[in-house]
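So you can see what is in the structure, the chains are spelled out below.
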Amino acid sequence: MSQDNLKSIVKMVAILDCFSRIERQLSVAEIARKTQIPRGTAHRIIRTMKDLGLLEQERQRDQYQLGMKLFELGTTVLANMDLQREAKSSVEALTRVTGETVHLSVFDGMNSTVINRTDPEGSRVNTLFVLESSPAHATSSGKAALAFQPDTVIRKFISLGLRRIAPNTITDPKLLVEELQKVRQRGYAVDDEELNPGTRCVGAPIFNASGRVFAALSVSGTTSRFTPERIETFSRLVMHYAGQISEQLGYRPDEQSEEDKISPESAQVAA
């Protein structure tokens, strides 16, 4: 691969990184400013990305958004992930032992996306393959994954704003950092009606072979069933089965170096 082609690929990735749930559509000028790529060069690369299906242009407007080709690639990645195969038995076991709904989610730095949901049906376990994304700060799976990310990832997440999803959603950066510190110390997160009123959820992180948290396992149910006593029980079970999945993926805790602690500065959003 030539040096010029390599530079073009790097610029394409930089352009894709400009988009988020908040900034879903951007003009060429905005993309050029964000990436510090000359406008003419940015326009040429954007046209190529549009032809490839990586970007789509809004009709008769100089506005671009992520293309469906990325969704196709994303679903292919999920279908081929070791996570789905390695987690299957643990997810089903957790469903049976708790008698509650269990979610297997992946984390992309911003959102927690459920890719597998199981519900108990008598002696059977009903499994659904889904794609349901929620902001990480509003779910137990999202907070369980976010708490174990590098400080730079947490700062970036907070800088984009903490949207209120439900009355109990944490929207104060300082409170979220304190919550993530607790999650890291105890090894699990709790969603106390922060995504859906009337629902509580307990989640624990899943580590890959290199020690990075990229997914989470959670169990959820109604607030009447998820009492403080049961949450304590569920937390031990979720951590056990999340740990099982991590080990099956090649994670060895004793071989990993300790991550940097979450700093209070994470709550200080850059202007």
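Our subject in this report is the structure included herewith. Nothing here was measured: the structure is a model prediction, and the numbers come from that model.

Procedures and definitions
- Residues numbered from 1 in each chain as written.
- Predicted model: local features only at pLDDT ≥ 70, side-chain atom pairs only at ≥ 80, totals over all residues.
- Heavy atoms only, no water.
- 1 Å grid on protein atoms, 1.4 Å probe; cavity = no way out; pocket = protein on both sides within 12 Å on 5 of 7 lines; lining within 4 Å.
- Points joined across faces, edges and corners; volume = space filled by probe spheres on them.
- Helix = DSSP H or I, 4+ residues; strand = E, 2+ residues; numbered from the N terminus.
- Nonpolar A, V, L, I, M, F, W, Y, C, P; charged D, E, K, R; others polar.
- Buried < 20%, exposed > 50% of the residue type's maximum accessible area, 1.4 Å probe, protein only.
- Polar contact = N/O pair within 3.5 Å; in protein donor to acceptor, adjacent residues only side chain to side chain.
- Contact = heavy atoms within 4.5 Å.
- Core = buried A, V, L, I, M, F, W, Y, C linked by side-chain atoms within 4.5 Å.
- Patch = residues over 30% accessible without salt bridge, like charges linked within 9 Å, V, L, I, M, F, W, Y side chains within 5 Å.
- Areas by Shrake-Rupley, 256 points an atom, 1.4 Å probe, with all protein chains shown as cover.
- Salt bridge = Lys/Arg side-chain N within 4 Å of Asp/Glu carboxyl O.
- Phe/Tyr/Trp six-rings, centres within 6.5 Å; stacked < 30°, edge-to-face > 60°.
- Axes fitted to C-alpha atoms, helices over the stretch in contact; angles between N-to-C directions.
- Parallel < 35°, antiparallel > 145°, perpendicular 65-115°, else oblique.
- Left-handed = near helix turned anticlockwise from the far one by under 90°.
- Expected span 1.5 Å × (residues − 1).
- Arc of directions from axis to C-beta.
- Pairing = 2+ DSSP bridges.

Okay, the layout of surface pockets next. Approximately 260 Å³ is the volume found for the second largest pocket. Mapped by element, the contributors of at least two residues to the lining of the second largest pocket are strand E3 (101–107), strand E4 (111–121), strand E5 (124–135), helix H6 (140–146), strand E7 (199–207) and strand E8 (213–222). Element by element, the count of residues in the lining of the second largest pocket is highest for E4, at three residues. Here the lining of the second largest pocket is composed, by residue class, of three nonpolar, eleven polar and three charged.

So, on to the side chain of Thr139. Tracing the backbone shows Thr139 in the loop between E5 and H6. Judged by relative accessible area, which is 9%, Thr139 ranks as buried. Side-chain polar atoms of Thr139 contact the backbone nitrogen of Gly142, separated by 2.8 Å. Apart from residues lying up to four places away in sequence, Thr139 is in contact with Ser112, Ser134, Asp191 and Leu195.

With that settled, consider the nonpolar core. Grouped together as the largest cluster of nonpolar side chains are 25 residues, with contacts concentrated most on Leu83, Leu104, Val202, Ile206, Leu217, Val219 and Ile245. Counting residues per element, the ones that place at least two in this core are helix H5 (82–98), E3, E7, E8 and helix H9 (228–248). Among the elements that make up this core, the one with the highest residue count is H9 (six residues). Counting residues in hydrophobic clusters, the runner-up holds 21 residues, among them Phe107, Ile158, Val177 and Val183.

Let us look at a nonpolar patch on the surface. On the surface, a cluster of nonpolar side chains totalling about 300 Å² of accessible area is made up of Met68, Phe71 and Leu131. Within the secondary structure, Met68 sits in helix H4 (residues 68–80). Looking at Met68, the relative accessible area reads 47%, which means it is partly exposed.

Further remarks concern the environment of Val97. Take Val97: it is sitting in helix H5. Residues in contact with Val97, not counting those within four places in the same chain, are Leu237 and Tyr241.

Another point: the packing of aromatic side chains. The geometry of an aromatic ring pair comes down to the distance between the two centres and the angle between the two planes. One pass over the structure, following the stated rule, counts three aromatic pairs. Note on Phe148 and Phe207: the rings are 5.6 Å apart at their centroids and 80° apart in plane angle, and the pair reads as edge-to-face. Taken together, the residues Phe148 in the loop between H6 and helix H7 (151–159) and Phe207 in strand E7 connect sequence positions 59 residues apart. Its relative accessible area of 15% is what places Phe148 among the buried residues. Where Phe226 meets Phe234, the ring centres are 4.6 Å apart and the plane angle is 40°; that geometry is what we call tilted.

As a further point, take the packing of H5 against H9. Contact geometry of H5 with H9 gives a least axis separation of 9 Å together with a crossing angle of 160°. Considered as vectors, H5 and H9 are oriented roughly antiparallel to each other. As H5 packs across H9, the resulting crossing turns out to be right-handed. Contacts between H5 and H9 pair Leu83, Glu86, Ala87, Ser90, Ala93, Leu94, Val97 and Thr98 from the former with Arg230, Phe234, Leu237, Val238, Tyr241, Gln244, Ile245 and Gln248 from the latter. Of the residues assigned to the contact of H5 with H9, the class counts are ten nonpolar, four polar and two charged.

Moving on to helix H8 (residues 173–186). Over its 14 residues, H8 extends 20 Å from the first C-alpha to the last, a length consistent with the 20 Å expected when each residue adds 1.5 Å. For H8, every residue scored as buried is listed here: Leu176, Val177, Glu179, Leu180, Val183 and Arg184. For H8, the angular spread of buried residues about the axis comes to 160°, placing them on one side. Those residues of H8 that are exposed and aimed more than 90 degrees away from the buried face are Lys174 and Gln185. For H8, the secondary structure elements touched by its buried residues are H6, H7 and strand E6 (189–192). The opening residue of H8 is Asp172, an N-cap whose side-chain oxygen sits 2.8 Å from the backbone nitrogen of Lys174. Just downstream of H8 lies Gly187, where phi reads positive at about 90°.

Strand order in the open sheet formed by six strands is E5-E4-E3-E8-E7-E6, and the pairing between neighbours is antiparallel. Of all the strands in the sheet, the pair left with one neighbour each is E5 and E6. Taken over all neighbouring pairs, the strand axes of this sheet differ in orientation by 25° on average, direction set aside. Judged from the six bridges that link them, E3 and E4 form a sheet pairing that is antiparallel. Each bridged residue has a counterpart across the sheet, and for His103 the counterpart in E4 is Arg117. Together, E6, E7 and E8 form the strand contacts of H9, whose direction differs from that of E7 by roughly 30°.

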